[in-house]
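# Observations on the model geometry
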Amino acid sequence: MEVVIAPADVLARLAADTVEGLLRTRPDAVLGLATGSSPLAVYDELVRRHVEEGLSFARARAFTLDEYVGLPLDHPQRYRNVIARELTDRVDLDPARVAGPDGAADDLPAACAAYEQAIVDAGGVDVQILGIGTDGHIAFNEPGSSLASRTRVKTLTAQTRQDNARFFDDDLEAVPQHCVTQGIGTILAAGHLVLLATGRAKAEAVHQMVEGPVSALWPASALQLHPHVSVLIDDAAASRLQLADHFRQTWAAKPAWQGL
Ligand code: F6R
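Residues numbered from 1 in each chain as written. Predicted model: local features only at pLDDT ≥ 70, side-chain atom pairs only at ≥ 80, totals over all residues. Heavy atoms only, no water.

### Structural notes on the overall build of the chain
- Helices and strands together make up the secondary structure of the chain, namely eight helices and 10 strands.
- By the compact-globule yardstick of 18 Å for 260 residues, the chain fits well, its C-alpha radius of gyration being 17 Å.
- A burial count over the chain gives 52% of its 260 residues as buried.
- Summarising the internal contacts of the chain: among those between residues at least 6 apart in sequence, 78% fall at separations of at least 24.
- With an accessible surface of roughly 11200 Å², the chain has 52% of that area assigned to carbon and sulfur atoms.
- Side chains of the chain give 22 positive and 34 negative charges; the mean places of these two sets differ by 4 Å. (Helix = DSSP H or I, 4+ residues; strand = E, 2+ residues; numbered from the N terminus. Rg over C-alpha atoms; globule rule 2.2 N^0.38 Å. Buried < 20%, exposed > 50% of the residue type's maximum accessible area, 1.4 Å probe, protein only. Contact = heavy atoms within 4.5 Å. Areas by Shrake-Rupley, 256 points an atom, 1.4 Å probe, with all protein chains shown as cover. Lys, Arg positive; Asp, Glu negative; His and termini not counted. Charge placed at Lys NZ, Arg CZ, Asp CG, Glu CD.)

Here you go:
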């Protein structure tokens, strides 16, 4: 697990460099996309590179992490609509090449199994962008989630519904109780995991993810089991890390050509 502590704009460029490097060498790469506020600056930077520097997504495919259950198809907070607005509609990526777990399916377990199969059929996710919840969730794998889990229906914690009420005009009741989400096992099968976190509210979750025991109590700690994880955090999110100085020194000494 590599931890990079830097200002938010630097982190966004580093994550964008990774996606760009992949697309320039493998234009048909499979991207894993997170919603939420953490990756927004990365997506803005990728859109800028598309518009100004010709970075093309035309042959890529993308899979999103999770989706609320029960939102109408045209709801602005449905993650499928969010990712279109924030990234995929702003680049040359055909909407037919973007998939997400189906939170509106009549048979949710069957839809979840089909989603797992679709990722496998695409050859797996090459680079997965991730955020982290204040309770340590990744995608919507809340505390207590199986570390081997696959795409399935989950119940959101009160904490996550409260955290996400800001996207629903601060109306807690409007935040769905249930979601469909890639499992931790699904996420761990991706080739390279790039997790972004900023702000003091994420500091405890980041500490548990990087330095805590691997535990279902802090689902993101399962990332310690993955061979290629880049944790991109600002000073505030790093403020609880015991090894922060070591991570800063390691990053400062890393040859620039190496990338993440
Ligand atoms: C959303 C997702 C979630 C978010 C997490 C952090 O697709 O996977 O795990 O990454 O809730 O959300 P923000 O970035 O809004 O703090």
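Now that the structure is up, let's keep going.
### Things to note about the side chain of Thr181
- Summarising the element assignment, Thr181 is placed in strand E8 (residues 178-181).
- Apart from residues no more than four positions distant in its own chain, Thr181 is found in contact with Leu65, Asp66, Ala139, Phe140, Asn141, Arg150, Thr151, Arg152 and Lys154.

### Points about the pattern of salt bridges
- The final tally for this structure, using the stated rule, is 16 salt bridges.
- Asp17 is the salt-bridge partner of Arg49, the closest N and O atoms lying 2.8 Å from each other. On the criterion of sequence distance, the pair formed by Arg49 in helix H2 (residues 40-53) and Asp17 in helix H1 (residues 8-25) is long-range, its members being 32 residues apart.
- With a relative accessible area of 5%, Arg49 lands in the buried category.
- Here Glu20 makes a salt bridge to Arg49, at a shortest N to O gap of 2.8 Å. One end of the pair, Glu20, is in helix H1; the other, Arg49, is in helix H2, with 29 residues separating them in the sequence. (Salt bridge = Lys/Arg side-chain N within 4 Å of Asp/Glu carboxyl O.)

### Focus on the sheet that holds E8
- The three strands lie next to each other as E4-E8-E7, forming an open sheet whose pairing is antiparallel. In this open sheet, the two strands that pair with only one neighbour each are strand E4 (66-68) and strand E7 (152-155). Between one strand axis and the next, the sheet turns by 30° as a mean value, whatever way the strands run.
- Here four bridges tie E7 to E8, and the two strands are oriented antiparallel to one another. Pairing of Val153 across the sheet is with Val180, part of E8. (Pairing = 2+ DSSP bridges. Axes fitted to C-alpha atoms, helices over the stretch in contact; angles between N-to-C directions.)

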